[in-house]
Amino acid sequence: MSLFDLQAEDAKAQHKKLSDKMRAADKAYYQNDAPEISDGEYDKLRGELEKIEADYPELVRADSPTQTIGAAPSRGFKKVKHAVAMLSLSNVFSEEEAQGFVDKVRRFLGLDENEIVALVAEPKIDGLSCSLRYENRILVQAATRGDGAEGEDITANVKTIACVPQNLPDDAPDILEVRGEIYMSRKAFNALNAAQLEKGKEPFANPRNAAAGSVRQLDVKVTEGRELGFFGYSIGEASYRFYDTHEELRQKLGQWGIPETSYTLCNSIEDIMGNYEDVLKSRPDLDYEIDGIVYKVNDVNWQARLGFISRSPRWATAHKFPAEQAITRIEAIDIQVGRTGALTPVARLSPVTVGGVVVSNATLHNEDEIARKDIRIGDTVVVQRAGDVIPQVVEVITEERNGSEEIFKPLNKCPDCGAHAVREEGDVIRRCSGGMTCPKQAIERLKHFVSRLAFDIDGLGDKIIQSFWEEGLIKNPADIFMLEAGNKDSLTPIRAREGWGGLSEKNLFKSINDRRSIALNRFIYALGIRQIGEATAKRLASTYATIDALTLAMVQAQDHEGEAYADLIAIEDIGPAAAQDLIAFFAEAHNITVLDALKSHLDIQPYEMPQVSDSPVAGKIVVFTGTLVQMTRAEAKAKAETLGAKVSGSVSKKTDYVVAGEDAGSKLKKAQSLDVTVLSEQNWLDLIS
Ligand code: IVH
């Protein structure tokens, strides 16, 4: 065999390998709507494949992923910033919890027991949310939800959906964003799957995946061939308010040609539960899939007063239908190591279909949970999944036992690094004590650092992080930003590695460089400090404004008697435990080293609380004390926060305003002694109105 033939053979094998990988990725992405590789990795595969095909044109076949319909130069859609955030919903699962939702609304608004809280109950459509933007009554943009702040531009695809109006009538506002759900009817879903099977293609798991897969097609012709529907359920930006109740909003949208589902007005828990039972009964007859009922406070003034908490409105919730269940066997119990060292037992299951999705893992939470449910390896169990939550083991069918089942023994060593696995008193979680030296923790921290709500670096998928870590290219987050510089003088540059090329290398550096400027809240979240989630990171960012101020405050807060500590635990959601985790993070020398390195590579932008720019109390520290009569304390606090003020529980020199209601006591005295401005409830309302 000549040298040339050998290379051609190699090329052929490589071509097949890459084609298979791309087909698998396409299937995961388009059919299951569960991408297994990042867009960057996908583009890289594509680039490699094109390179081989350019050199060996004889390998180009009609079914090559570079030739098939649906293939386009890049899988990415343009990103779209939402003018008003797209929110999600809190959930309730029972009559008690539904009652709890109404009670909370009542308490927040300070309503008396006899006052009726009217709710609109509407079906929760199981599809994908979409925002339609009309400017001068013309559909100009359609976007997916994405992370709520930024989604993907799917305008061309949505324009092919027959029931979505391209124009609104003259009486619609100049600017209107209609929010709703794109779905696929059961009928269309069955027809599509029959056609898929006929063509020898994989069927879709459920209508939601089919809808999502159909919309996220770069080739609009594919979307056009799929029968999709849309229901509107709320709005984003609008030039003016054209309704006083949610009912009226639905009516107006309906008049303007936006498809609306039916709904029921509920005035009591009896109405709520009666409707719930009715809808549950009629669910199989509906032509679209629903996974619950959404309750929305009808009065829009109340909605405005209730506002939002983190990512969901206080004025709405979803009453979810019971989870779908199936029976299967536990093959093994594995231990997963998380980024904070938490060791989580995971059941490996004989794959089983639950509600249209194949499930092969279920979380077991912790060892107490395993003991409480007496779960053994080899047991036959009931598993369930509801919505997007991780599948769970509900119970063991003990009658199925034959004596061969094994009791799970907690490990006393980390399965990854071998360090002691310790369970501290009062903690349900066992943790690896390896800290910085545990490879798995380090890798999980890196994955978290680049994840969507943190640095959101497209090109660094899980597999790449893993291999770069193993090769020593990236050991800690700061290394990511030195990758390009190191690569320049490297004897084995990234482009020379298997599966890489010049283009993919360039794209990787671009996606990293795009993130050298980052908002402080994302930066804090990315650090992966235990208990510091996205919402808390935002609060820390808005309280401390810069990373240096935060670092200094956390060092000062080591003194639990001092002001810094008092300020820290006055922040909403930060109790003594989270405070301790924060303080410990900033007390660790290694973390400070990485932090300093990161700072030298990054431009960390102050976090701006949304929609507060012209508020007179933005950035002010406010303390409420005494009894308020025109609003509840919770409402006052929420309102102040949406206006950009920081609400604190204690008075200090830094406090800007103390709002003193009736019978104010020690806090009022302290304010007077510190010369802090004291406002009456009415003064405060005048100030913010
Ligand atoms: S209201 C502030 N209403 O459920 C408004 N959402 O779990 C927030 N959904 O992202 C959404 N049917 O995609 C609303 N009738 C309905 C809905 C609905 C389905 C989806 C929506 C949302 C998700 C939240």
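Everything numeric in this text was worked out from a predicted model, so none of it was measured.

### Looking at the environment of valine 676
Within the element layout of this structure, valine 676 appears in the loop between helix 24 (666-674) and strand 28 (677-680). Owing to a relative accessible area of 9%, valine 676 belongs among the buried residues under this scheme. Remark: the alpha-carbon pair of valine 676 and asparagine 361, spanning 315 residues in sequence, is separated by 57 Å. Ignoring sequence-local partners within four residues, the contact set of valine 676 consists of Val651, Ser652, Thr655, Asp656, Tyr657, Val658 and Ala671.

### Comments concerning the sheet that holds strand 5 (residues 138-144)
The strand order across the open sheet formed by four strands is 5-4-7-8, and the pairing between neighbours is antiparallel. Edge positions in the sheet fall to strand 5 and strand 8 (229-238), since each of these pairs with one other strand and no more. On average, each strand axis in the sheet is inclined to that of its neighbour by 30 degrees, with strand direction left out of account. The pairing of strand 4 (residues 128-135) with strand 5 spans six bridges and is classified as antiparallel. Its bridge partner being in strand 5, leucine 132 is matched across the sheet by alanine 142. Where helix 8 (residues 246-255) meets the sheet, it contacts strand 7 (175-183) and strand 8, and its direction lies at approximately 115 degrees from that of strand 8.

### Quick look at the packing of aromatic side chains
The description of two aromatic rings rests on the distance between their centres and on the angle between their planes. Using the criterion set out here, one finds 13 aromatic pairs in the structure. An angle of 5 degrees between the planes, with centres 4.9 Å apart, marks the rings of tyrosine 183 and phenylalanine 231 as stacked. Note that tyrosine 183 is positioned in strand 7 and phenylalanine 231 in strand 8, a separation of 48 residues in sequence. In textbook terms, an aromatic cluster arises when at least three aromatic residues are bridged by ring pairs, as seen for Tyr240, Phe242, Tyr243 and Trp256. When the ring centre of tryptophan 469 is taken as reference, the NZ or CZ atom of lysine 475 above it lies at 3.5 Å.

### Remarks on the pattern of salt bridges
Under the criterion given, the structure shown has 41 salt bridges. We note a salt bridge from arginine 133 to glutamate 177, for which the minimum N-O separation is 2.7 Å. With arginine 133 in strand 4 and glutamate 177 in strand 7, this pair connects stretches of sequence that are 44 residues apart. Arginine 133 sits in the buried class, given a relative accessible area of 14%. Of the residues examined, glutamate 177 reaches a relative accessible area of 4% and is grouped as buried. The salt bridge involving arginine 430 is made with glutamate 367; its shortest N-O contact spans 2.8 Å. One end of the pair, arginine 430, is in strand 22 (residues 430-432); the other, glutamate 367, is in helix 11 (residues 367-372), and 63 residues separate them in sequence.

Parameters at a glance
- Residues numbered from 1 in each chain as written.
- Predicted model: local features only at pLDDT ≥ 70, side-chain atom pairs only at ≥ 80, totals over all residues.
- Heavy atoms only, no water.
- Helix = DSSP H or I, 4+ residues; strand = E, 2+ residues; numbered from the N terminus.
- Buried < 20%, exposed > 50% of the residue type's maximum accessible area, 1.4 Å probe, protein only.
- Contact = heavy atoms within 4.5 Å.
- Pairing = 2+ DSSP bridges.
- Axes fitted to C-alpha atoms, helices over the stretch in contact; angles between N-to-C directions.
- Phe/Tyr/Trp six-rings, centres within 6.5 Å; stacked < 30°, edge-to-face > 60°.
- Lys NZ or Arg CZ within 6 Å of the ring centre and 35° of its normal.
- Salt bridge = Lys/Arg side-chain N within 4 Å of Asp/Glu carboxyl O.

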